[in-house]
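Now for the letters of each chain:
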Amino acid sequence: MPERSIRLGQVLAFIALMAGLVLLPHVLSYSQQEVLVFLVINVLVVVSYRLLTLTGEWSLGHVVMVGVGAYASALFTKKLGVPVPLSMLCGAVTAAAVAFVLSFPLFRMKGFYFLIGSFAAGEIIRLIWKRFTDPFGGPKGIKRIPGFPDIEFGALSIDFFEPVNYYYFCVIVVGLALLILYRIERSRIGLTFHAIHWQDKLAESVSVDTFRYRMLAFVIASFFAGLGGALFAHYVGTVNPKLFDVEQMVYVLIWAIVGGTTTFYGPIMGVVALTIINEIVLRSLGVDEMRPMFYGAILILSVLFLPTGLESIASKVKAWFAGSSRDKTATG
Amino acid sequence: MELLLQTITNATYAASYMALIAVGLVLIFGVMGVINFAHGELYMAGAYSVVYLYTDLKMPFFLAVAAGLIFVGLLGLVMERALFRPLRDNPLGGLIASIGFLLILQTVAVLGFGVRMEHVPPSTQEKIFLTEGVVLTVQRLYVIVATVVLLGGLWLFLRKSKFGWALRACAQDPEAAALQGISLNHTARLAMFIGAALAGVAGALTAPLVSPTPHMGHAVIVTAFIIIIVGGIGSLEGAVIAAVLYAFVHTFVTTFYDGVIANIVGLSLMLAVLVVRPTGLFGAKDRA
């Protein structure tokens, strides 16, 4: 019975994955455990980014949305005294709300125009953090953000300052988030995203409101990006505008592209593989300054020789160019 | 009144080097259909040519600027051959590859010169008093004059010479141009050399005025994006007009409020243009 054995194989693979995730921090050093926490958060960031790319739009403002979640969650706890777990959710909701507002100007554009427009919108938000010292703290950002509260459970007490414990917490949160993102992609909504990517005029002609679906993708992606930012803020304890600049965005782009965005697990592979290479190879060689060069070379090589992630876009971009002048007359 | 005239003078200087950068970017986009994200780093490479040749090796300033122009132009040729030619059918891929190239250039600058700010001594201390209390340093005047000469030359080249016609033909319709016996590779090389060299010469000339750092390209590319979007993404004339417009807005807001507010105003201006008139204020319907 082949079907049954595939099921069994899947179950075994799932159990192996779970066991691996549980055991992993215990074979790593303290500093590697910290990296592991960031890796789990980055998985959420890059997977949520992919949801937006499903509709065919490539944003350069995604990391700023992570920042919106981080800043909002930090401010909710510090200024309003909201308990941390709740404030994380508030941070994610704030990111979603900002995305909702931004979609009105941004989704009048497509293709390159959207790319540059999202870049501009992100920069404006970042400059606002930088300029307005109250409440955003200016270039130095917000410091001493309260951490995740300890859990006292009878004799058991969990200190979330320990990377291992926070790692488990992140794995659970991110795991749930990935499950939701996966279900969304497989649902009717996800199929509509695909339809908009490949045939937006056709989708419109069968009464799909492409603007609303693009906005929905952007809002959902930003919600989970903001959640990632909130997880980050309460672990590191400090946020500043530099953490969410375009350089970080470039890394997210590299993870997504090297992994390939045609599949759900592609970006996850990308971020995991590059983090391992980064931590093990580059750190052991002691060439931290060379890191951007290394990433740049990988990005170029993967664009030139591994077009799996990109080939799907190539035809779309042509359509953008062909279509952009028509859209202009339609929107402007 | 003095402050007003001084600010106008400063804005004229800012408009000059911004126009050089933006025109290069538009030229590359017009002919090859690629947004060159590494354009700010080409500007940085021009500035570091001057740091190396003029500050470190004590070469004459203008020789160093000329060398910087040629060096950055050659970098442009490398980009064309290695990145944009293989990715000709994939403009988004070209953009992403240029992001990779940007990271490489930044790292080379960091490894070669360190992350610290470089100080380039001015090549001349002379000042011109335009009227009572309104100063224009000669160092800035060089930038303004060079811009007028180079952009004027480029305009004549594009309108009058055979190469210029070929370049514009490729920008309008690459396939038809190829059918007329125009080599796409050749025109792409030419456009890339000129576009990159303009960014390089802007960096080289402004090096004594701005204190180069390896990460200076970021602010430059943001500015260049604003200008080409406001001016219309394929229009050379639009880029020049938008550079003047943006430089005046930016300089005035900087003088009367502060620099960060000026950046926010600039970016908002660009978003507004994108929303209201995505083709830009002076944009043609199609590219270039």
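Treat the numbers as computed from the prediction; the structure is a model and nothing was measured. (Residues numbered from 1 in each chain as written. Chains lettered and ligands numbered in written order. Predicted model: local features only at pLDDT ≥ 70, side-chain atom pairs only at ≥ 80, totals over all residues. Heavy atoms only, no water.)

Colleague: So what exactly am I meant to see when it comes to the overall build of chain B here?
Modeller: Within chain B, the regular secondary structure consists of 11 helices and two strands. From first element to last, N terminus to C terminus, chain B shows the α and β order α-α-α-α-β-β-α-α-α-α-α-α-α. Relative to its length of 288 residues, chain B is compact, with a C-alpha radius of gyration of 19 Å against a globular reference of 19 Å. Here the C-alpha coordinates of chain B stretch approximately 60 × 45 × 35 Å along the principal axes. (Helix = DSSP H or I, 4+ residues; strand = E, 2+ residues; numbered from the N terminus. Rg over C-alpha atoms; globule rule 2.2 N^0.38 Å.)

Colleague: Whenever I open this one, the overall build of chain A confuses me. Can you help?
Modeller: Counting secondary structure elements, chain A contains 14 helices and two strands. The burial tally for chain A puts 52% of its 332 residues in the buried class. (Buried < 20%, exposed > 50% of the residue type's maximum accessible area, 1.4 Å probe, protein only.)

Colleague: Just to check I follow, could you spell out the interface of chain B and chain A for this structure?
Modeller: The accessible area lost on association of the parts is a frequent measure of interface size. The interface of chain B with chain A comprises 45 residues on the first partner and 48 residues on the second. Counting each side, the surface lost to burial between chain B and chain A is near 4,200 Å², with a carbon and sulfur contribution of 83%. We note a salt bridge from R131 of chain A to D258 of chain B, for which the minimum N-O separation is 2.7 Å. For the pair chain B and chain A, the interface holds two residue pairs in polar contact (both at pLDDT 80 or more). Contributing elements (two or more residues each) for the side of chain B that touches chain A: α3 (61-84), α4 (91-113), α9 (217-231) and α11 (259-276) of chain B. Examining the composition of the side of chain B that touches chain A, we find that 15 residues originate from one element, α4 of chain B, more than from any other. By residue class, the composition of the side of chain B that touches chain A is 33 nonpolar, nine polar and three charged. (Contact = heavy atoms within 4.5 Å. Buried area = accessible area lost by both parts, 1.4 Å probe. Salt bridge = Lys/Arg side-chain N within 4 Å of Asp/Glu carboxyl O. Polar contact = N/O pair within 3.5 Å; in protein donor to acceptor, adjacent residues only side chain to side chain. Nonpolar A, V, L, I, M, F, W, Y, C, P; charged D, E, K, R; others polar.)

Colleague: Looking at this structure, I do not really get the environment of R168 of chain B. What am I missing?
Modeller: Residue and element names in this part refer to chain B. Assignment of secondary structure puts R168 in helix α6 (residues 162-172). Along the primary structure R168 and V253 are separated by 85 residues, whereas in three dimensions their C-alpha atoms are 37 Å apart. Discounting chain neighbours no more than four positions away, the residues touching R168 are L158 and R159.

Colleague: How should the confidence of the model for chain A be read in this particular structure?
Modeller: The predicted coordinates of low-pLDDT regions are not to be read in fine detail. All names here are of chain A. Chain-level statistics for chain A give a pLDDT mean of 83 and a share of 89% at 70 or above. Here residues 310-314 is modelled with pLDDT under 50, and outside its nearest four sequence neighbours on either side it reaches 11 contacts, counting other chains as well. Considering only residues more than four positions removed or in separate chains, one finds that residues 325-332, a stretch of pLDDT under 50, has 15 contacts. (pLDDT = per-residue confidence, 0-100.)

Colleague: Can you help me understand the pairing of strand β1 (residues 127-131) of chain B in this one?
Modeller: Looking down a regular strand, the side chains alternate between one sheet face and the other. Residue and element names in this part refer to chain B. Pairing between β1 and strand β2 (residues 134-137): four bridges, direction antiparallel. Its bridge partner lying in β2, K127 is registered against T137. Counting the residues between successive antiparallel strands, the hairpin from β1 to β2 contains two residues, one of them, G133, with a positive phi of roughly 80°. (Pairing = 2+ DSSP bridges.)

Colleague: Would you explain the environment of V246 of chain A in this entry?
Modeller: Within the secondary structure, V246 of chain A sits in helix α11 (residues 246-259). Judged by its relative accessible area of 17%, V246 of chain A is buried. Once residues within four sequence positions are removed from consideration, V246 of chain A is found in contact with F119 of chain A together with H218 of chain B.

Colleague: Is there a simple way to think about the side chain of T210 of chain A in this case?
Modeller: Along the polypeptide, T210 of chain A turns up in helix α10 (residues 210-236). Setting aside residues up to four positions removed in sequence, T210 of chain A forms contacts with I196, D200, A203 and E204 of chain A.

Colleague: Hey, could you run me through the packing of α9 of chain B against α11 of chain B in this one?
Modeller: Geometry of a packed helix pair, given as the angle between the helix axes and the separation of the axes. Residue and element names in this part refer to chain B. For the pair α9 and α11, interaxial distance at closest approach is 9 Å and the crossing angle is 35°. α9 and α11 meet at a crossing whose hand is left-handed. Side by side, α9 and α11 meet where V222, F225, I226, I229 and V230 of the first sit next to G266, L267, M270, V273 and L274 of the second. Across the contact of α9 with α11, the residue classes tally to nine nonpolar, one polar and no charged. (Axes fitted to C-alpha atoms, helices over the stretch in contact; angles between N-to-C directions. Left-handed = near helix turned anticlockwise from the far one by under 90°.)

Colleague: What am I meant to see in helix α5 (residues 111-131) of chain A here?
Modeller: Because each turn of an α-helix spans 3.6 residues, side chains separated by three or four positions in sequence point in the same direction. End to end, α5 of chain A covers 30 Å across 21 residues, agreeing with the expected 30 Å (1.5 Å per residue, within 8%). Of all 21 residues in α5 of chain A, 18 are buried, a share of seventy percent or more. (Expected span 1.5 Å × (residues − 1).)

Colleague: What am I meant to see in the nonpolar core here?
Modeller: As a rule of thumb, nonpolar side chains are buried together in soluble globular proteins. Y166, L181 and L231 of chain A together with I35, V50 and F225 of chain B are the most contacted members of the largest nonpolar core, which has 194 residues in total. Sort the elements by how many residues they give to this core and helix α1 (residues 2-32) of chain B lands first, with 17 residues. Here I35 of chain B is in contact with F112 and I116 of chain A together with F29, L95, S98, F225, I228 and I233 of chain B, once residues within four sequence places are set aside. (Core = buried A, V, L, I, M, F, W, Y, C linked by side-chain atoms within 4.5 Å.)

Colleague: Quick question: what am I supposed to make of unusual backbone geometry here?
Modeller: With the exception of glycine, the majority of residues adopt a negative phi angle, and the majority of peptide bonds are in the trans configuration. That bond from D134 of chain A to P135 of chain A is cis: its omega, 5°, falls within 30 degrees of zero. Topologically, P135 of chain A is positioned in helix α6 (residues 133-136). Its identity as a non-glycine residue notwithstanding, R144 of chain A has a phi of 50°, on the positive side. Mapped onto the elements, R144 of chain A comes out in the loop between α6 and β1 (151-153). Backbone geometry at K58 of chain B places phi at a positive 60°, although glycine is not the residue there. Here K58 of chain B is to be found in the loop between α2 (39-56) and α3. K58 of chain B gets classed as exposed once you look at its relative accessible area, which sits at 66%.

Colleague: What is the right way to read a positive patch on the surface from this model?
Modeller: Residues and elements named next belong to chain A. Judged by side-chain charge, K78, K140, K143 and R144 come together as a positively charged surface patch. Tracing the backbone through its elements, the reader meets K140 in the loop between α6 and β1. Residue classification places K140 among the exposed residues on the basis of a relative accessible area of 62%. (Patch = residues over 30% accessible without salt bridge, like charges linked within 9 Å, V, L, I, M, F, W, Y side chains within 5 Å. Areas by Shrake-Rupley, 256 points an atom, 1.4 Å probe, with all protein chains shown as cover. Lys, Arg positive; Asp, Glu negative; His and termini not counted. Charge placed at Lys NZ, Arg CZ, Asp CG, Glu CD.)

Colleague: How should I be thinking about the packing of aromatic side chains in this particular structure?
Modeller: How two aromatic rings sit relative to each other is given by the distance of their centres and the angle of their planes. All names here are of chain A. Scanning the entire structure with this criterion turns up 32 aromatic pairs over all chains. When the ring of Y166 is compared with that of F169, the centres are 5.7 Å apart and the planes differ by 50°; the resulting orientation is tilted. Taken together, the positions of Y166 and F169, both in helix α7 (residues 163-186) and three residues apart, correspond to about one turn of that helix. With relative accessibility at 0%, the residue Y166 sits in the buried group. (Phe/Tyr/Trp six-rings, centres within 6.5 Å; stacked < 30°, edge-to-face > 60°.)

Colleague: What am I meant to see in a nonpolar patch on the surface here?
Modeller: The grouping of L8, V11, L12, F14, I15, L17 and M18 of chain A at the surface amounts to a nonpolar patch, some 690 Å² of accessible area in total. With respect to the secondary-structure elements, V11 of chain A resides in helix α1 (residues 2-23).

Colleague: Looking at this structure, I do not really get the packing of α2 of chain B against α4 of chain B. What am I missing?
Modeller: Residues and elements named next belong to chain B. Here α2 crosses α4 at 20°, and the two axes come no closer than 10 Å. What the angle tells us is that α2 and α4 run roughly parallel. For the element pair α2 and α4, the recorded crossing hand is left-handed. On the side of α2, the interface is formed by E41, L42, M44, Y48, V51, Y52 and D56, while α4 contributes L102, L105, Q106, A109 and F113. (Parallel < 35°, antiparallel > 145°, perpendicular 65-115°, else oblique.)

Colleague: Is there a simple way to think about the side chain of T223 of chain B in this case?
Modeller: Within the secondary structure, T223 of chain B is located in helix α9. One polar contact links the side chain of T223 of chain B to the main-chain carbonyl oxygen of A219 of chain B, over a distance of 2.8 Å.

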